[in-house]
Amino acid sequence: MKAIDLSDFSRYRSALMGAAMLFVMFFHVSMPKSELMYGVVRCGNIGVDMFLFLSGIGLWFSWTKTPSLRYFYWRRYIRIYPAWIIVAACFYVQNYLEFGAKSYSRTIPDLLANILVNWSFWRVDDLTFWFIPAIMMMYTFAPFYMRLIHRYPSFRWMPVLFMVWAVMVQYYPPVHVSVGHVEIFWSRIPIFLLGINCGEWVKNGFQMERQAIWLVLLLFVMSFAMCIEFENHWRGHFPLFMERMVYIPCSITGMILLCRLFDYLPAWLLGCLVFVGGISLELYLVHIQFVLRYICPLHLGYCLTVLLMITISLPLAWLLSKFVDLVVKWLPKEI
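These numbers were taken from a predicted model, which means no experiment stands behind them.

A.B. asks: How do you make sense of unusual backbone geometry when you look at a structure like this?
C.D. replies: Negative phi is the rule for most residues except glycine; trans is the rule for most peptide bonds. One non-glycine residue, Asn118, lies in positive phi territory at about 55°. With respect to the element layout, Asn118 can be found in the loop between α6 (108-117) and α7 (119-124). With phi around 55°, His299 is a residue other than glycine that occupies positive phi space. With respect to the helices and strands, the residue His299 is situated in the loop between α16 (280-295) and α17 (302-329). According to the relative accessible area criterion, His299 is exposed, its value standing at 71%.

Following this line, the structure appears as structure tokens:
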């Protein structure tokens, strides 16, 4: 049994992101609660935490290589913004034309703000594309956090501070009234900061002793079992941030185990995951509002719905990524 090499997070980054995207897609297809796999499918939500953790690691790599705010922001936003503008314009313009002032955009300025920065997420917790404004906000403060922990390493404990903040968002009235409507954002910050914290270990190839695999297995089983219990029996009876705190150990240990699995996967299957990971942003943007919403009314059952959704979403996302690549070629590589 080999040691746990944290550089595997970097080596298998695209494949892990592909797996995370598939987990999220499985999660978004509804399944009757009476089904045996209901709790497992609902745990696919940890794909979001996997993305955020891997993004944090990637930001550390990028920042330590080129510690320039201008370069950092340009490289981050140029990856997200072109695809976002295209999809947001298609969705929010149609939504406004169909529902007018009752849509997510009450006015034309609202419509423009939604297309530019998904303003309705911050205003009324519009979850249509919530991950995009959330990750862009995290990108905005990430360089300052990385500067902080580089100068004062003790501030690597900041994820714990944000765990306490998640409790305050839920239970402390002044905070809850002010920002409680975007709890989904606050409760995901700890896993993002942990990814940044681990970036140096991953970059330096830090290894955990071989015996640590048993701790990883135990922690994964405990946290995964608790997530399933939450979904099967307690959904609606507890604040959501509690389960998202359990997602943190579940997603990190799950990725460690996935890396072990990837060591033995056939090259073609690993390549498929890498392909999905390469267009994960585009898949996220198109698979619900432009594919799944038109398949669900057919009532095909869970498995057929998932298969059809993936079959249609993959080429759409690939075409969107290729179009964005053409657009980006005309933009400067750096500002």
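That was the structure; now back to the text.
A.B. asks: What's the story with helix α9 (residues 158-171) in this structure? I'm lost.
C.D. replies: The periodicity of an α-helix, 3.6 residues per turn, causes residues three or four positions apart to be oriented the same way. In this model, α9 (14 residues) spans 20 Å end to end at C-alpha, consistent with the 20 Å of a helix rising 1.5 Å per residue. Within α9, the full set of buried residues consists of Pro159, Phe162, Ala166 and Val169. Projected down its long axis, α9 carries its buried residues within an arc of 65°, all on one side.

A.B. asks: Is there a simple way to explain helix α14 (residues 240-262) in this structure?
C.D. replies: Counted at 1.5 Å a residue, the expected span for α14 with its 23 residues is 33 Å, and the 31 Å between its end C-alpha atoms agrees. The principal kink in α14, of about 25°, is found at Tyr247, preceding the proline Pro249 by one to four residues.

The rules behind these values
Here the residue index of a chain counts from 1 through its sequence in written order. Residues qualify for local features only when their pLDDT is at least 70, as the model is predicted, and side-chain atom pairs are given and counted only at 80 or more; totals for whole chains, interfaces and linings, by contrast, use all residues. Side-chain numbers here rest on the full set of heavy atoms in the structure, without hydrogens or water. Helix numbers and strand numbers start at the N terminus; a helix is a DSSP run of H or I with at least 4 residues, a strand a run of E with at least 2. Burial classes follow relative accessibility: with a 1.4 Å probe on protein chains only, a residue under 20% of its type's maximum area counts as buried, one over 50% as exposed, and anything between as partly exposed. Working rule for helices: expected span equals 1.5 Å times residues minus one. This arc is taken over the directions from the axis of the helix to the C-beta atoms. Bend is the name given here to the angle between axes fitted to two runs of seven residues, the run ending at a residue and the run starting at it.

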